[in-house]
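A look at the structure
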Amino acid sequence: MKPSESMQLLDRIYERSENEPWEEESWRRAWADIRDSFTGSQFYHLLQERGLLQEAPAWLQAELKAESERILFQNMLIRAEQKKLFRAFEQEGIPLVPLKGIRMAERFFGHFAARPTTDLDVLVRPEDLQRASALLRRLGFEDGEQLDDDHFHLLFNKFYDNPMFPFLAVELHWSLLRSHGHETDVEALWSRTAPLDGSPCLRELNDEDTLYHVCLHAFNHHMSSLKYIVDIAQVIDRTWDTVSYESLLARARRDGNLAKLTAVLSLVYRLCPSLQWVKPLDRRRRWPFWSERLLREAGLGIKSRRYYLFRFASIFVTYDKPSAMLRHIQYLFLPPADYARSHFREDKGGSLLSLYTRIYRLRLKHLLSRRPRAGAKELDTP
């Protein structure tokens, strides 16, 4: 199937040959995807950096610039809060690694506002999790949704009396994925970090681990947004000479993440074939039933029959070991009770039968519906 205009535009950014002019309607279709996926600032900075912005119609240049300016204001506020947060962690002597967010925009897109972000994701060691949580509470953050033991991060929210910036979310990560589907050596990842801004407490992932993380993060969200594809493509472009796929794939194999990593990279290279000239990828893995239509529906919260086929087929192509596959099947069909109850706002003392009856009633409602429809969270997202 031919990639959409938005994917073709991304491919044009990394293409070495001269681009052919586009019709007006092609630009409009590309903008519809970019607008709906909130990737306008990413495309604006990438096109501007490559000297390609002038190829776009004047109206699209204005739209992309306006979106970039909106993200500039939002990211300025988040960057200010991030500085306070990092200073507090330094004073407490708690090491942390920023994940994605402002730092990723600066490092791989060339500007702190080149990539939209709505929260702060930081990695801490498991033994520092309790101290880090207590520190966030002292800084005015409140505990977010209740998660289960299989999860890999805690959510905290801080609310502001500002309609333009109502709250800030902080996610404290101690791993990269749910524990049931991998054996990632996170301490080895910590050992490869480098100091950030000369601070002994602020650390940064190296290029290879950054690509590893953004791919696993995209897998964790089922590649359900254009922003994940843009992120991965840009990291590949910026790290083509510092990342070894042989080393990266070997690490993924040791961690039980080889199938996940290969499926994600294969999909990005299929959608953006010019990356093969940037950095060749010889290993490929098909991800059945994934489509751009699925991506657009996910952005609207729509769960179609194709979505359920995709989720079911993913079980058999994105897990390295049968044991991990079986644990994921159990997770999908019998979600952790505490996690499910937090989404249904149910008391812990409620009956498990009642809980799972509600889950399957909701799933069957979506599955048997003649039309794709938006609805509550399906309790099948990691």
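Residues numbered from 1 in each chain as written. Predicted model: local features only at pLDDT ≥ 70, side-chain atom pairs only at ≥ 80, totals over all residues. Heavy atoms only, no water.

Notes on the overall build of the protein chain
Applied cut-off: In this description a helix means any DSSP run of H or I spanning at least four residues, a strand means any run of E spanning at least two, and both kinds are numbered starting from the N terminus. Here the radius of gyration uses the C-alpha set of atoms, whereas the globule reference equals 2.2 Å times the residue count to the power 0.38. When accessible area is computed with a 1.4 Å probe and restricted to protein chains, residues below 20% of their type maximum are described as buried, those above 50% as exposed, and intermediate ones as partly exposed. It only takes one pair of heavy atoms within 4.5 Å for two residues to be counted as in contact. For accessible areas, the Shrake-Rupley method is used with a probe of radius 1.4 Å. Any residue's cover is judged against the shown protein chains and nothing else. All tallies of charge rest on Lys and Arg as positive and Asp and Glu as negative; His and the ends of each chain are not included. Note on charges: their place is set at NZ of Lys, CZ of Arg, CG of Asp or CD of Glu.
In terms of helices and strands, the protein chain carries 17 helices and 9 strands. What you see for the protein chain is a C-alpha radius of gyration of 21 Å, in line with the 21 Å of a compact globule of 382 residues. Projected onto its principal axes, the C-alpha coordinates of the protein chain cover approximately 65 × 55 × 45 Å. Counting the 382 residues in the protein chain, one finds 56% classified as buried. Taking all contacts inside the protein chain whose residues are at least 6 apart in sequence as the whole, residues at least 24 apart take part in 67%. Put simply, the protein chain shows about 18,100 Å² of open surface, and 53% of that area lies on carbon and sulfur atoms. Across the protein chain, the mean location of the 56 positive side-chain charges is 5 Å away from that of the 53 negative side-chain charges.

Details of empty space enclosed by the protein
In this approach the atoms are scanned with a rolling probe the size of a water molecule, which exposes any empty space left behind. Applied cut-off: Buried and open spaces are told apart on a 1 Å grid over the protein atoms alone, a cavity being a set of points where a 1.4 Å probe fits but cannot get out and a pocket being an open set with protein on both sides within 12 Å along at least five of seven lines. Residues with an atom within 4 Å of a point are the lining residues. Grid points are joined across faces, edges and corners, and a volume is the space filled by probe spheres set on the points. For this classification, the nonpolar set comprises Ala, Val, Leu, Ile, Met, Phe, Trp, Tyr, Cys and Pro, the charged set comprises Asp, Glu, Lys and Arg, and every other residue, Gly included, is treated as polar.
With the rule as written, the count across this model stands at 6 cavities of 30 Å³ or more. The computed volume of the largest cavity comes to approximately 120 Å³. Lining the largest cavity are Pro 98, Leu 99, Lys 100, Arg 103, Met 104, Arg 107, Phe 108, Glu 204, Leu 205, Thr 210, His 213 and Val 214. Mapped by element, the contributors of at least two residues to the lining of the largest cavity are β1 (97-99), α5 (101-109) and α8 (207-220). Considering every element that reaches the lining of the largest cavity, the biggest residue donor is α5, with 4 residues. Of the residues contributing to the lining of the largest cavity, the split by class is 6 nonpolar, 2 polar and 4 charged.

Regarding the packing of aromatic side chains
Selection criterion: Pairing of aromatic side chains requires ring centres within 6.5 Å, counting the rings of Phe and Tyr and the six-membered ring of Trp. Pairs whose planes differ by under 30 degrees are stacked, by over 60 edge-to-face, and all others tilted. Here, over-ring charges are defined by two tests on the NZ atom of lysine or the CZ atom of arginine: distance to the ring centre within 6 Å, and angle to the ring normal within 35 degrees.
Taken as a whole and judged by the stated rule, the model has 9 aromatic pairs. For the pair Trp 287 and Phe 310, a centre-to-centre distance of 5.5 Å together with 45° between the ring planes defines the contact as tilted. Of this pair, Trp 287 sits in the loop between α12 (275-278) and α13 (292-299) while Phe 310 sits in helix α14 (residues 305-317), placing them 23 residues apart in sequence. Judged by its relative accessible area of 1%, Phe 310 falls in the buried class. Members of the aromatic cluster, each reached through a chain of ring pairs, are Phe 219, Trp 287, Phe 310 and Tyr 319. Here Arg 28 stacks its cationic end above the ring of Trp 59, 4.2 Å away from the centre of that ring. Lying across the ring of Trp 190, Arg 125 places its NZ or CZ 4.4 Å from the centre.

Examining the nonpolar core
Rules: In this description, a nonpolar core means a group of buried Ala, Val, Leu, Ile, Met, Phe, Trp, Tyr and Cys residues linked to one another through side-chain atoms lying within 4.5 Å.
One finds Leu 211, Met 223 and Ile 232 to be the most contacted residues of the largest nonpolar core, which totals 80 residues. Take this core: its biggest share by element is 9 residues, from helix α11 (residues 258-271). Once residues within four sequence positions are removed from consideration, Leu 211 is found in contact with Ile 232, Val 235, Ile 236, Val 243, Tyr 245 and Leu 248. Counting 25 residues, the second largest nonpolar core, distinct from the first, contains Phe 89, Ile 102, Ala 113 and Leu 120.

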